[in-house]
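Notes for the structure review
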Amino acid sequence: MKEAIERIMAELADLKAATQKEAEEARVRFLGKKGEVTALMEQFRSIAPELKREYGQKLNELKKYTQAKIEELKAAADASAVASGAPKEDLSMPGDAFPLGSRHPVSIVRQQIVDIFRKFGYDVAEGPEIEDDYHVFEALNFPPNHPAREMQDTFFVSTGHVNPLLLRTHTSSVQVRTMETQDVPIRVVCPGRVFRNEAISARAHCIFHQVEGLYIDKDVTFADLKQAILLFAREMFGPDTQIRMRPSYFPFTEPSAEVDVSCNICKGKGCNICKGTGWLEIMGCGMVDPNVLKASGIDPSKYSGFAFGMGVERIAMLKWQVNDLRHYFENDMRFLSEFATATEV
Ligand code: DAH
């Protein structure tokens, strides 16, 4: 038995394992059920009692040494696998979940508005953000000295010549471009960014989003306008929504109106969101002024049409009662993640 112990000790001292598999094979060879060390332990039971003390100690040492050696081989095999670049992970394991982003609340509402009008048969039209004075003002019947053209409102890109370049102050410019390039009948919505030289506050921002609408055909009347807006309001704010129209003025529409929807928070009773009136303003609209049709080559004696324009942030504020515009532009993740589960139409 003595020789056997010494032989195993010597063999263990030189033992190497390049991989986990080899280390495991070594464990089975020495410590497994039929392993060499296990076999010696069994022999020990039948040796002479006077030898038990001496061999008991030796065998215990052998067992401990073998166990330590196997652990060492396993650790060394791991380290060499990492060093050689062989994957240590189980590649068949499912991957870790990573946090998904969500759409921006302004994008969600813009898409909802566009989708509602698409269902009514409207196409989508887009136009440039850097526009000229002609498409933003002149073709829309703004008188030459209208205050909207002034430096206080408009960001000019170039000044001094007849048709300066500027950042569009509304998406109504896309109406003009559509009328110039498409044949009547026209039915489009025009979503986009607009720019105004305003101080940033809870209620105003220098960049925001609008959706413009335009419908031109034979015999389009104010009743058609009213019906289109009523259907839109009910899709957007719920089937019980009421609308009211107040006379207003825009250079490009005649007659013009501002549209209010019944407050969906207090159901018209009056609350702090609707300032006690029961109504919330959502857009401007009107019948396209004959001068606007003429400027873009459409004969106002044959065709008529309506137009409307709304602020996307304004609709989002009413939908979600977030009453500080700045939240929509600061990209604070705590705010944005609130909308991760917002439903889309
Ligand atoms: N362009 C207007 C604005 O920016 C909104 C608007 C009002 C658009 C009436 C229209 C309209 O097409 O008919 O405030």
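These lines cover the structure that appears in this document, whether it is placed above or below. (Residues numbered from 1 in each chain as written. Predicted model: local features only at pLDDT ≥ 70, side-chain atom pairs only at ≥ 80, totals over all residues. Heavy atoms only, no water.)

Details of the overall build of the protein
Selection rule: The helix and strand labels rest on DSSP assignments: H or I over at least four residues marks a helix, E over at least two residues marks a strand, and numbering proceeds from the N terminus. The globule rule used for comparison is 2.2 Å times the number of residues to the exponent 0.38, while the radius of gyration itself is calculated over C-alpha atoms. Think of it in three bands: with a 1.4 Å probe and only protein chains considered, a residue is buried below 20% of the maximum accessible area for its type, exposed above 50%, and partly exposed in between. Contacts are assigned to residue pairs that have any heavy atoms within 4.5 Å of one another. Here the open area of atoms and residues is found with the Shrake-Rupley method and a 1.4 Å probe, where only the protein chains shown may cover a residue. By the counting scheme adopted, Arg and Lys are positive, Glu and Asp are negative, and His together with the chain ends is not counted. To locate a charge, take NZ of a lysine, CZ of an arginine, CG of an aspartate or CD of a glutamate.
Along its length, the protein carries 11 helices and nine strands. Over its C-alpha trace the protein gives a radius of gyration of 40 Å, far above what one expects of a compact globule, namely 20 Å for 345 residues. Reported as C-alpha extents along the three principal axes, the dimensions of the protein are approximately 125 × 50 × 40 Å. Counting over 345 residues, the protein shows a buried share of 40%. Taking contacts inside the protein between residues at least 6 apart in sequence as the whole, the part at least 24 apart equals 66%. In the structure as shown, the protein presents an accessible area of about 19300 Å², 52% of it carried by carbon and sulfur atoms. Within the protein, the 49 negative side-chain charges are centred at a point lying 8 Å from the centre of the 42 positive side-chain charges.

Let's talk about the site of the ligand
Let me state the cut-off plainly: The nearness test applies per residue and asks whether one of its heavy atoms lies within 4 Å of the molecule or strand. Whenever two N or O atoms come within 3.5 Å, that pair is a polar contact, provided that in protein one can donate a hydrogen and the other can accept it, and provided that, for residues adjacent in sequence, both atoms are side-chain atoms. The nonpolar class holds Ala, Val, Leu, Ile, Met, Phe, Trp, Tyr, Cys and Pro. Asp, Glu, Lys and Arg form the charged class, and all remaining residues, Gly among them, are polar.
As a matter of local geometry, the ligand sits amid 15 residues, with H170, S172, R196, Q210 and E212 nearest to it. In this structure, an oxygen atom belonging to the ligand sits 3.2 Å away from a side-chain N or O atom of Q175. Its free accessible area being 360 Å², the ligand has 89% of it covered by the protein chains. Residues belonging to the shell around the ligand are distributed by class as follows: five nonpolar, eight polar and two charged.

Quick look at the packing of helix α5 (residues 105-119) against helix α10 (residues 312-320)
The condition is simple: For helices, the fitted line uses only the C-alpha atoms of the stretch in contact; every axis is such a line through C-alpha atoms, and the angle between N-to-C directions lies from 0 to 180 degrees. Should an angle fall under 35 degrees it is called roughly parallel, over 145 degrees roughly antiparallel, and 65 to 115 degrees roughly perpendicular, with every other angle called oblique.
One way to put it is that α5 packs onto α10 with a least axis distance of 9 Å and a crossing angle of 100 degrees. Relative to α10, the element α5 is oriented roughly perpendicular. Along the contact surface, α5 presents P105, V106, I108, V109, R110, Q112 and I113, while α10 presents V312, E313, I315, A316, K319 and W320. The residue inventory of the contact of α5 with α10, partitioned by class, reads nine nonpolar, one polar and three charged.

Description of the pattern of salt bridges
Put simply, the rule reads: Every case where a carboxyl oxygen of Asp or Glu lies within 4 Å of a side-chain nitrogen of Lys or Arg is listed as a salt bridge.
This structure, assessed with the given rule, holds 18 salt bridges. One salt bridge connects R244 with D260, and the closest N-O pair in it is separated by 2.8 Å. With a gap of 16 residues between them, R244 in strand β6 (residues 243-250) and D260 in strand β7 (residues 253-262) connect regions that are remote in the sequence. Judged by its relative accessible area of 33%, R244 falls in the partly exposed class. Taking relative accessible area as the criterion, D260 reaches 2% and is therefore assigned buried. For the salt bridge of R246 with D260, the shortest nitrogen-to-oxygen distance reads 2.8 Å.

A word on the environment of E3
Along the polypeptide, E3 turns up in helix α1 (residues 2-14). C-alpha of E3 to C-alpha of F339: the two residues are 336 residues apart in sequence and 77 Å apart in space.

Some words on the packing of aromatic side chains
Condition: Pairing of aromatic rings covers Phe, Tyr and Trp, the last through its six-membered ring, and needs centres within 6.5 Å; plane angles under 30 degrees mean stacked, over 60 mean edge-to-face, and all others mean tilted.
Under the counting rule described, the total for this entry stands at 13 aromatic pairs. With a centroid separation of 5.7 Å and 85 degrees between ring planes, the pair formed by F117 and F120 is classed as edge-to-face. Aromatic side chains W320 and F339 sit 4.6 Å apart centroid to centroid with 65 degrees between the ring planes, which places their arrangement in the edge-to-face category. With a gap of 19 residues between them, W320 in helix α10 and F339 in the segment after α11 (333-336) connect regions that are remote in the sequence.

Here we look at the packing of α1 against helix α4 (residues 49-83)
Spelled out, the test is: For any helix crossing, the convention is left-handed if the near helix is rotated counterclockwise from the far helix by under a right angle, and right-handed if that rotation is clockwise.
α4 packs onto α1 with a crossing angle of 20 degrees between their chain directions and a minimal axis gap of 11 Å. Relative to α4, the element α1 is oriented roughly parallel. Seen from above, α1 lies across α4 with left-handed handedness. Contacts from K2, I5, I8, M9, L12 and A13 in α1 reach Y55, K58, L59, L62, Y65, T66 and K69 in α4. Residue composition of the contact of α1 with α4, grouped by class: nine nonpolar, one polar and three charged.

A short note on the pairing of strand β9 (residues 304-311)
Put simply, the test is: Two strands pair under a simple rule: DSSP has to find at least two bridges between them.
Where burial is concerned, most of β9 is hidden: six out of the eight residues are buried. Sheet analysis places strand β5 (residues 207-217) next to β9, joined by eight bridges and oriented antiparallel. When the sheet's bridge partners are listed, Q210 is paired in β9 with G311. Bridge count between strand β8 (residues 279-288) and β9: five bridges; the pairing is antiparallel.

Re helix α2 (residues 20-31)
Under the convention used in this document: Given a helix with a known number of residues, its expected span is that number minus one, times 1.5 Å. Arc definition: it is the arc formed by the directions from the helix axis to the C-beta atoms.
Given a rise of 1.5 Å per residue, 12 residues ought to cover 16 Å, and the 16 Å separating the end C-alpha atoms of α2 matches this to within 8%. Taken residue by residue, α2 has A23, A26 and F30 as its buried positions. Projected down its long axis, α2 carries its buried residues within an arc of 55 degrees, all on one side. Of the surrounding elements, those touching the buried residues of α2 are α1, α3 (36-44) and α4.

Focus: the sheet that holds β5
Reading across the sheet, the seven strands line up as β1-β4-β5-β9-β8-β7-β6 and stay open at both edges, with mixed pairing between neighbours. The strands lining the two open edges of the sheet, one partner per strand, are β1 (123-124) and β6.

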